[in-house]
Amino acid sequence: MSGIIQLLPDHVANQIAAGEVVQRPASVVKELIENAVDAKATEIKLIVKDAGKTLIQVIDNGLGMNVTDARLCFERHATSKIRHAEDLFALHTKGFRGEALASIAAVAHVELKTKQDQEELGIHIIIEGSKVITQDVAVLPKGTSFLVKNLFFNIPARRNFLKSDNIELKHIIDEFERVALAHPNISFTMISNGSEVFNLPSSNYRQRIVNIFGGKTNEKLVPVTEETEILKITGFVGKPEFAKKNRSEQFFLVNNRFIRSPFLHHAIMNAYDGLLRDNNQPSYFLFLEVPPHTIDINIHPTKTEVKFDDEQALYAILRATVKHSLGMFNVAPILDFERDANLDVPYDYKDKMLGTPTIQVDRSFNPFEPETKKYSSSPSYDKSKSVQPHWESLYTDLKQDSFEVTATNFETDLVASKLFDDKSTESETLLYQFNRKYIINSIKSGLLVIHQSRAHQRILYEQFLTNITIHQASSQQLLFPLELQFSREEMMCLKEIQPNLEGIGFAFEKMGLDELVISGLPGQISDTNVTEILHDLIYNLQENLPEDSFSLSDSISKFMAKSVSIKSGKYLNTIELENIVNGLFACKEPNVSPFNKPIFITLTSEDLDKRF
């Protein structure tokens, strides 16, 4: 009987490996940019089209490859990064597996153009599905250009499972930002569908952070520096008042490699204990340097999960360093038991000479005199010089205006009683607020208990949705336009939903790369909380941006209604209570909130009788 176990062909093995390495277009971007960094490039340019589904191109001015290396780089387990197994514990490069290019070539059309500095001609190779189509010499500049087209052309199922262009582009920007932050000495450029998204010149760490996340980021940063035998920490953390509800500005870069570490993140949150509002996340951009032999990167193909030899020590050092930086820059309160605030001397008195204190004594004071004579605290004050007029003189002019009490008309008891005998008062519906959370309304059959926050959400939701889909809402114009700062990624999301926001009532004067000028707001939103509302809206949409226009309008209307609605605990007067009740029962669906939660319950007379 013949054996049933066989070796898989190389192209099949490459497609299997591509399932782990190439999960989406952002995976290709990550691998190609990291290869450009390992090639010691000083300028890297990324070009994408249709969020990488149609085109991904990475151009660098690195070392380049000769003819042999250009053909060999597409083979499995072919790499220039390591030679022996011991090299895995002394890694100084981004890649080392030798699987990325082989996996990419197995599921896409790839064009490679590369040339070394000392060579006169370069090499041009075209590969489709692991098959070499052409290989020619060409006149090329120094460096390498990888062009990846038609990703997953031979795996339709994988291509159909890709998300919308906005979501895929967001993942590409995330990978681009991680590599760009880790290498501020390299110039990076990113172009998407012909428009420039990033243009990052070579700079220091702080300037690279500001260039990526906007100019207003500079005032949010607090420097962090510490160096020990096992760990060196440099970078910045954000001030607590600028914390967000998302984790878009949290970066751990260990040995110039982005990693995810819930354990180290917990150390940062512990350092911010007591400084953040509920559900808020601090910003941090921390560059950690550890000895290469104390870290294991070879855990997952994405190389974002790592293991440290002594995690407990790193936790303690990181927590103490961040806490010390927050206290040193007066961001967090500190206790100094060796300092007595009562002994502090004002700066104005440091150069003044001390003199003998002067004493003033009232020599005319006699403690045995009668108490009718009063003495002031100052001996120079003469009471006889300040004679007060008699109190009756203040009313001398009023004696001529005397009047008869009997001639005055007062309200009788009958007039006062009419205020409460009006029949219209008895017929009014009982309406009041209970526990600043519920609205109690009497009806013929019993009592109606309404959840005030959910009722207001339903009213606002239908208003916003109607304004977006049918007609444009009125906008409250601002006397002074608001200038807000957002990151490039957030601005791209705002441009996508700009028509929907304008339908609600927003008016935009300018939308730049990282700044926004608002000249008008919806009547329900105040200018004090518009920044927080937009940040939270962007975060919610980035998690799952709907593809069709109605779902997008529905999501925006739901979120805006939840953000602007009256919260539990707010006192409402009678007019506000009436407006909510009348507005609720004018809605198309008054029974449930936009998030399918009940808005009101009815207690009939029978229900109340059963209670007794």
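Just above, that's the structure.
All of the points below concern the structure found in this document. (Residues numbered from 1 in each chain as written. Predicted model: local features only at pLDDT ≥ 70, side-chain atom pairs only at ≥ 80, totals over all residues. Heavy atoms only, no water.)

Here's the deal with the overall build of the chain
- The helix and strand inventory of the chain stands at 18 helices and 22 strands.
- Contacts in the chain between residues far apart in sequence, at least 24 positions, make up 67% of those at least 6 positions apart.
- Put simply, the chain shows about 36800 Å² of open surface, and 52% of that area lies on carbon and sulfur atoms. (Helix = DSSP H or I, 4+ residues; strand = E, 2+ residues; numbered from the N terminus. Contact = heavy atoms within 4.5 Å. Areas by Shrake-Rupley, 256 points an atom, 1.4 Å probe, with all protein chains shown as cover.)

Examining the side chain of Ser-145
- With respect to the helices and strands, Ser-145 occurs in strand β6 (residues 143–149).
- Classification of Ser-145 as buried rests on a relative accessible area of 12%.
- Polar contacts involving the side chain of Ser-145 include one to the side chain of Gln-57, which spans 3.1 Å.
- Every residue in contact with Ser-145, bar those within four places of it in the chain, is listed here: Gln-57, Val-58, Ile-59, Glu-111, Leu-112 and Lys-113. (Buried < 20%, exposed > 50% of the residue type's maximum accessible area, 1.4 Å probe, protein only. Polar contact = N/O pair within 3.5 Å; in protein donor to acceptor, adjacent residues only side chain to side chain.)

Here we look at the side chain of Lys-115
- Among the structural elements, Lys-115 can be located in strand β3 (residues 109–115).
- There is no salt bridge for the buried Lys-115, and the closest opposite charge comes from Asp-117, which lies 5.1 Å off by N-O distance.
- Looking at Lys-115, its side chain comes within polar contact range of the main-chain oxygen of Glu-119, at 2.9 Å.
- Residue contacts for Lys-115: discarding those within four places in its chain leaves Leu-63, Gly-64, Met-65, Glu-120, Leu-121, Gly-122, Leu-140, Pro-141, Lys-142 and Gly-143. (Lys, Arg positive; Asp, Glu negative; His and termini not counted. Salt bridge = Lys/Arg side-chain N within 4 Å of Asp/Glu carboxyl O.)

So, the sheet that holds strand β4 (residues 122–128)
- Strand order in the open sheet formed by eight strands is β5-β4-β3-β6-β2-β1-β7-β8, with mixed pairing between adjacent strands. Here the strands that pair on one side only, and so sit at the sheet edges, are β5 (131–138) and β8 (195–200). Here the strands of the sheet are splayed against their neighbours by 10° on average, with no regard to which way each runs.
- Here six bridges tie strand β1 (residues 43–49) to strand β2 (residues 55–60), and the two strands are oriented antiparallel to one another. Bridging from a neighbouring strand, Leu-46 pairs with Val-58 of β2.
- Lying on the sheet, helix α6 (residues 165–182) is in contact with β1, β7 (187–192) and β8; it crosses β7 at an angle near 175°. (Pairing = 2+ DSSP bridges. Axes fitted to C-alpha atoms, helices over the stretch in contact; angles between N-to-C directions.)

With respect to the packing of helix α8 (residues 262–271) against helix α9 (residues 311–328)
- The geometry of α8 relative to α9 is characterised by a closest axis approach of 8 Å and an angle of 30° between their N-to-C directions. The angle between α8 and α9 falls in the class roughly parallel. As for the relative orientation of α8 and α9, their crossing is right-handed in sense. Each of Phe-263, Leu-264, His-266, Ala-267, Ile-268, Asn-270 and Ala-271 in α8 lies in contact with α9, whose residues at this interface are Glu-311, Gln-312, Leu-314, Tyr-315, Leu-318, Arg-319, Val-322, Lys-323 and Leu-326.
- Considered class by class, the residues forming the contact of α8 with α9 number 10 nonpolar, three polar and three charged. (Parallel < 35°, antiparallel > 145°, perpendicular 65-115°, else oblique. Left-handed = near helix turned anticlockwise from the far one by under 90°. Nonpolar A, V, L, I, M, F, W, Y, C, P; charged D, E, K, R; others polar.)

Thoughts on the pairing of strand β20 (residues 507–511)
- Strand direction decides the pairing type here: β20 and strand β21 (residues 515–521), joined by four bridges, are antiparallel. By the bridge assignment for β21, Ala-507 is matched with Gly-520.
- Between β20 and β21, which pair antiparallel and follow one another directly, the connecting turn spans three residues.

Here's the deal with unusual backbone geometry
- Although it is not a glycine, Asn-150 adopts a positive phi angle of roughly 55°.
- Structurally, Asn-150 is set in the loop between β6 and α5 (156–160).

Re the environment of Val-290
- Here Val-290 is to be found in the loop between β13 (284–289) and β14 (295–296).
- Under the relative-accessibility criterion, Val-290 is labelled buried at 9%.
- Taking C-alpha positions, Val-290 is 9.1 Å from Phe-308, a pair spaced 18 residues apart along the chain.
- Excluding its chain neighbours within four sequence positions, the residues that come into contact with Val-290 are Ile-230, Leu-231, Val-254, Asn-255, Ile-295 and Phe-308.

Observations concerning empty space enclosed by the protein
- Tallied over the entire structure, the rule returns two cavities of 30 Å³ or more.
- In this structure, the second largest cavity encloses a volume near 70 Å³.
- Taken together, 10 residues form the lining of the second largest cavity, with Phe-213, Ser-248, Ser-487, Glu-489 and Glu-490 sitting closest to its centre.
- Tallied by class, the residues present in the lining of the second largest cavity amount to one nonpolar, four polar and five charged. (1 Å grid on protein atoms, 1.4 Å probe; cavity = no way out; pocket = protein on both sides within 12 Å on 5 of 7 lines; lining within 4 Å. Points joined across faces, edges and corners; volume = space filled by probe spheres on them.)

Looking at the packing of aromatic side chains
- Per the counting criterion, the structure on display carries 12 aromatic pairs.
- Each ring, one from Phe-213 and one from Phe-285, has its centre 5.4 Å from the other, and the planes form 50°; the classification is tilted. A residue pair is termed long-range when its members are at least 10 positions apart, and Phe-213 in helix α7 (residues 205–213) and Phe-285 in strand β13 qualify at 72 residues.
- Among the residues examined, Phe-213 registers a relative accessible area of 6% and is labelled buried.
- A relative accessible area of 1% means that Phe-285 is categorised as buried.
- On the basis of an interplanar angle of 50° and a centroid distance of 5.5 Å, the ring pair of Phe-585 and Phe-600 is categorised as tilted. On the criterion of sequence distance, the pair formed by Phe-585 in the loop between α17 (574–584) and β22 (600–604) and Phe-600 in strand β22 is long-range, its members being 15 residues apart. (Phe/Tyr/Trp six-rings, centres within 6.5 Å; stacked < 30°, edge-to-face > 60°.)

Notes on the pattern of salt bridges
- A full pass over the atoms with the stated rule returns 11 salt bridges.
- Between Glu-168 and Arg-24 there is a salt bridge, with its nearest N and O atoms 3.1 Å apart. Of the two residues, Glu-168 is situated in helix α6 and Arg-24 in the loop between α1 (10–21) and α2 (25–38); the sequence distance between them amounts to 144 residues.
- A residue is classified by how much of its surface remains accessible, and Glu-168, at 0% relative accessible area, is buried.

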